[in-house]
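Here is what each chain is made of, one letter per residue.
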Amino acid sequence: MSDAALRVAIAAKGTERMMLVTDAMSVTGTDLTSFELHGRTIYRKDGRLTTEDGTLAGSDLDMASAVRNSVERLGLALPDVLRMASLAPASFLRLDHELGRIAPGYRADLVLLDESLQVRQTWIGGEVL
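1. Digging into the overall build of the chain
Across its full length, the chain holds four helices and seven strands. Going residue by residue from the N terminus, the α and β elements of the chain occur as α-β-β-β-β-α-α-α-β-β-β. Its C-alpha atoms give the chain principal-axis dimensions of roughly 45 × 40 × 30 Å. Evaluated residue by residue, the chain yields a buried proportion of 26% over its 129 residues.

2. A short note on the sheet that holds strand E1 (residues 34-37)
With respect to topology, four strands assemble into an open sheet ordered E1-E2-E3-E4, the strand pairing being antiparallel. Each edge of the open sheet is held by one strand with a lone partner, namely E1 and strand E4 (56-59). Looking at each pair of strands side by side, their axes are set apart by 30° on average, direction ignored. Bridge count for strand E3 (residues 48-50) against E4 is three bridges, and the pairing is antiparallel. Directly across from Thr 50, in E4, lies its bridge partner Leu 56.

3. Describing the sheet that holds strand E5 (residues 110-113)
Ordered by their spatial adjacency, three strands build an open sheet running E5-E6-E7, and the pairing between neighbours is antiparallel. Two strands lie at the open edges of the sheet, namely E5 and strand E7 (127-128), each paired on one side alone. By the bridge criterion, four bridges tie E5 to strand E6 (residues 119-124) in an arrangement that is antiparallel. Looking at the pairing, Leu 110 lines up with Trp 123 of E6.

Rules of the game
- Residues numbered from 1 in each chain as written.
- Predicted model: local features only at pLDDT ≥ 70, side-chain atom pairs only at ≥ 80, totals over all residues.
- Heavy atoms only, no water.
- Helix = DSSP H or I, 4+ residues; strand = E, 2+ residues; numbered from the N terminus.
- Buried < 20%, exposed > 50% of the residue type's maximum accessible area, 1.4 Å probe, protein only.
- Pairing = 2+ DSSP bridges.
- Axes fitted to C-alpha atoms, helices over the stretch in contact; angles between N-to-C directions.

This is the structure we're talking about:
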């Protein structure tokens, strides 16, 4: 989707009603250029995953890149973007009683981003990865 179309959608709904999602596959973040999925070879190039005939098979977008793109390309405020990446999806899944916030009783799944919004540290269930 184009940046302009995303800006229109966000303007219409507001950041509080939008969420960031990614359909990235397990090869995201690796240097693999292809992999097998259900007996078919999937090719990875330019942020896209496609079959041999060019049919879209998914994306190579990780959540940290989605956050960066939303701030840098769409001009959204970082607090809004982080809510779109955490609390909004948790609320949609009705898991906002245990995910999406840093608070007592919530799962300690956290990511430390530097000033360039690059991942520096990750914790899942309070354990450093």
